[in-house]
Amino acid sequence: MMTTLLEDLQYRGIVYQMTDEEEINDMLEQERISLYCGADPTADSLHIGHLVPFLTLRRFQQYGHRPVVLIGGGTGMIGDPSFKADERKLLTEDEVDANVEAIKRQMENIFDFSDENAAVLVNNKDWLKDISLISFLRDYGKHVGLNYMLSKDAIQSRLETGISYTEFTYTILQAIDYGHLNKNFDVRIQIGGSDQWGNITSGLELMRRMYGTTNAEGLTIPLITKADGKKFGKTESGNIWLDRKRTSPYEFYQFWLNQSDEDVIKFLKLFTFVEREEIEELAVSVAEEPHLRKAQKRLADEITEFIHGSEGLEEAKKVTEALFSGDIKSLDAAQIKDALKDAPSAEVDAEDNTLVNVLVNAQVSPSRRQAREDIMNGAIYINGERMQDVNHEITEEDKINGDFTVFRRGKKKYTIVNYK
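Here is what the cut-offs are and how they apply
- The residue numbering used here restarts from 1 in each chain and proceeds along that chain's sequence as written.
- The predicted nature of this model means local features are confined to residues of pLDDT at least 70 and side-chain atom pairs, given and counted, to a pLDDT of 80 or more, with totals for whole chains, interfaces and linings taken over all residues.
- Only hydrogens and water are removed before side-chain values are computed, so all heavy atoms of the structure are retained for them.
- Going along the chain from the N terminus, every DSSP run of H or I of four or more residues is numbered as a helix, and every run of E of two or more is numbered as a strand.
- Exposure is judged per residue with a 1.4 Å probe applied to protein chains only, and the accessible area is read against the type maximum: over 50% gives exposed, under 20% gives buried, and values in between give partly exposed.
- Here, Shrake-Rupley sampling with a 1.4 Å probe gives the accessible areas, and only protein chains in the shown set may cover a residue.
- Think of it this way: Lys and Arg go in the positive column, Asp and Glu in the negative one, and His and the chain ends go nowhere.
- For this purpose, a charge sits on NZ of Lys, CZ of Arg, CG of Asp or CD of Glu.
- For this document, the term salt bridge refers to a Lys or Arg side-chain nitrogen within 4 Å of an Asp or Glu carboxyl oxygen.
- Think of it this way: DSSP has to see at least two bridges between two strands before they count as a pair.
- We call two residues in contact when some of their heavy atoms are within 4.5 Å.
- Here an angle of 0 to 180 degrees is reported between the N-to-C directions of two axes, which are lines fitted to C-alpha atoms, with helices fitted over the stretch in contact.
- Helix span is expected to be 1.5 Å times the residue number reduced by one.
- Throughout, nonpolar core names a set of buried Ala, Val, Leu, Ile, Met, Phe, Trp, Tyr and Cys residues whose side chains join them through atoms within 4.5 Å.
- Any pair of N or O atoms that falls within 3.5 Å is considered a polar contact. Within protein, one atom must be able to donate a hydrogen and the other to accept it, and sequence-neighbouring residues count only if both atoms are side-chain atoms.

### Some thoughts on the overall build of the protein chain
Of the regular secondary structure elements, the protein chain holds 18 helices and 13 strands. Taken over 420 residues, the protein chain has a buried fraction of 51%. In the form shown here, the protein chain has an accessible surface area of approximately 20600 Å², with 46% of it arising from carbon and sulfur atoms. Between the centroid of the 50 positive side chains of the protein chain and the centroid of its 72 negative side chains there is a distance of 3 Å.

### Topic: the pattern of salt bridges
Proximity of charged atoms lets side chains of opposite charge pair with each other. Counted by the stated rule, this structure contains 21 salt bridges. K125 serves as the salt-bridge partner of E93, at 2.7 Å between the closest nitrogen and oxygen. One end of the pair, E93, is in helix α4 (residues 93–110); the other, K125, is in helix α5 (residues 125–128), and 32 residues separate them in sequence. Taking the relative accessible area as the measure of exposure, E93 reaches 40% and is therefore partly exposed. Close ionic contact of E101 with K104 constitutes a salt bridge, the shortest N to O distance being 3.5 Å. Linking E101 with K104, this pair stays in helix α4, spanning three residues, or about one helical turn. Residue classification places E101 among the partly exposed positions, given a relative accessible area of 40%. One salt-bridge network, held together by shared partners, links E93, D97 and K125.

### Comments concerning the sheet that holds strand β5 (residues 187–193)
Overall, mixed pairing links the six strands, which are arranged β1-β6-β5-β2-β3-β4 in an open sheet. The open sheet has two edge strands with one neighbour each: β1 (17–18) and β4 (120–123). Alignment of strand β2 (residues 34–39) against β5, held across three bridges, turns out to be parallel. Counterpart to S34 in the pairing with β5 is V187. Here helix α2 (residues 21–30) sits on the sheet in contact with β1, β5 and β6 (217–221), set at roughly 100° to β6. Where helix α11 (residues 197–211) meets the sheet, it contacts β1, β5 and β6, and its direction lies at approximately 175° from that of β6.

### Digging into unusual backbone geometry
Within the chain, N383 stands out as a residue other than glycine whose phi angle is a positive 50°. Checked against the element boundaries, N383 lands in the loop between β10 (380–382) and β11 (385–386). Positive phi, close to 55°, is recorded for N401, a residue that is not glycine. Looking at the secondary structure, you find N401 in the loop between β11 and β12 (404–409).

### A few points about α4
For α4, with 18 residues, the first-to-last C-alpha span of 26 Å sits near the 26 Å given by 1.5 Å per residue. All of the buried residues along α4 are V96, N99, V100, A102, I103, Q106, M107 and I110. Buried residues along α4 sit in contact with α3 (51–62), β3 (66–71), β4 and α15 (294–325).

### Regarding the nonpolar core
By size, the foremost hydrophobic cluster in this structure holds 62 residues, and its most contacted members are I48, L51, M107, I191, W256 and F271. The greatest single-element share of this core, amounting to seven residues, is contributed by α15. Apart from residues lying up to four places away in sequence, L51 is in contact with I110, L242, F271, I303 and I307. Counting residues in each nonpolar core, the second largest holds 25 residues, with M149, I155, F168 and A216 among its members.

### So, the side chain of E217
You can see E217 is positioned in strand β6. For E217, which is buried and forms no salt bridge, the nearest opposite charge comes from R188, at a distance of 8.0 Å. A distance of 2.4 Å separates polar atoms of two side chains, one belonging to E217 and the other to T19. Once residues lying within four places of it in the same chain are set aside, the contact partners of E217 are T19, D20, E23, I24, M27, Y178, R188, I189, Q190 and L204.

### Some words on the pairing of strand β13 (residues 413–419)
The element β13 is extensively covered by neighbouring structure, given that five of its seven residues are classed as buried. For strand β9 (residues 345–348) and β13, the ladder comprises four bridges, and the chain directions are parallel. Note on β13: the bridge partner recorded for A346 is V417. Strand direction decides the pairing type here: β12 and β13, joined by six bridges, are antiparallel.

Shown next, in the form of structure tokens:
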């Protein structure tokens, strides 16, 4: 009989491949185990494309198992070639170390490091840095067949475009990681995205050859795609990052709030810890009253609070409400610029300060005649307040922080105007 945890993972669409489903099920049913997932610090923040494997690890923790969270300070110096078209740009050691520290802080928002099955945070640089070239070749490389490595899809996909020996050895380094964690932390399962299947099975094979029976398994998670086939996790502005300096809580919240009806239930299952009964109720709401967008709001609330805390969620909702109501002045300058960073911007002459001229020069209105009509018809807003005086002149009071003005034409067309 399938364990409650494994059954829940299957319900949520989290499981893609397992090395031995029966064995994994028996492990989870009979004992509390340690399992791990890793990420290389290729940037100073993870993005939402990294989230599902770590959230899956967190689900195991909720069921009483111990997560071992690996940050690849060692492997990050090399670069994973898995299904990448080109070689990664190598980072300096200082860059990698700084990224490790930044990602460690993000992990503290995801995992519990204090309870009886507290998560453990490790950096593979701590053991990989001590392996000499001779040791790498004799103690590890001797157990890895060239034909075996060439059979891996991640390696095969790069043979035509080219792969360096540096990246070619990456799968061995990750295999060493699994062996080290198995021996020193009794890690029994490695979790990763579907692109990590080759690296996970390489680790199991290396352990089998070096240590014999290891009682270890692997589990992968499917590639997350949207219903329209587009890549998940990116917008026109780029990745959706976990670091608020890269992606603000407002942007983060809006990304989830704007998910389609076709995707929202799937993402509730994958990215939140909302119980099945509530998810099924929300699915009914999507089908019968989609205009209420209850599922999208629940998704956005849940994941934003999980990553950015209650303060981050409150900030995101405040900015959202201010833009919806037009109450721009309730926000500070940084919040306004962040919320409208994808809106058009323009720079106008500070001396030419008549409202009509500013609207035309900033391309808010296409002509002076149209600008006057827009003003008289009540279609023009300055910092959220309607302006119907065609003779109005822009003063310092209209400039936020003495720096810029937010014009709105109609319901949604925002333009940020700076002055020179």
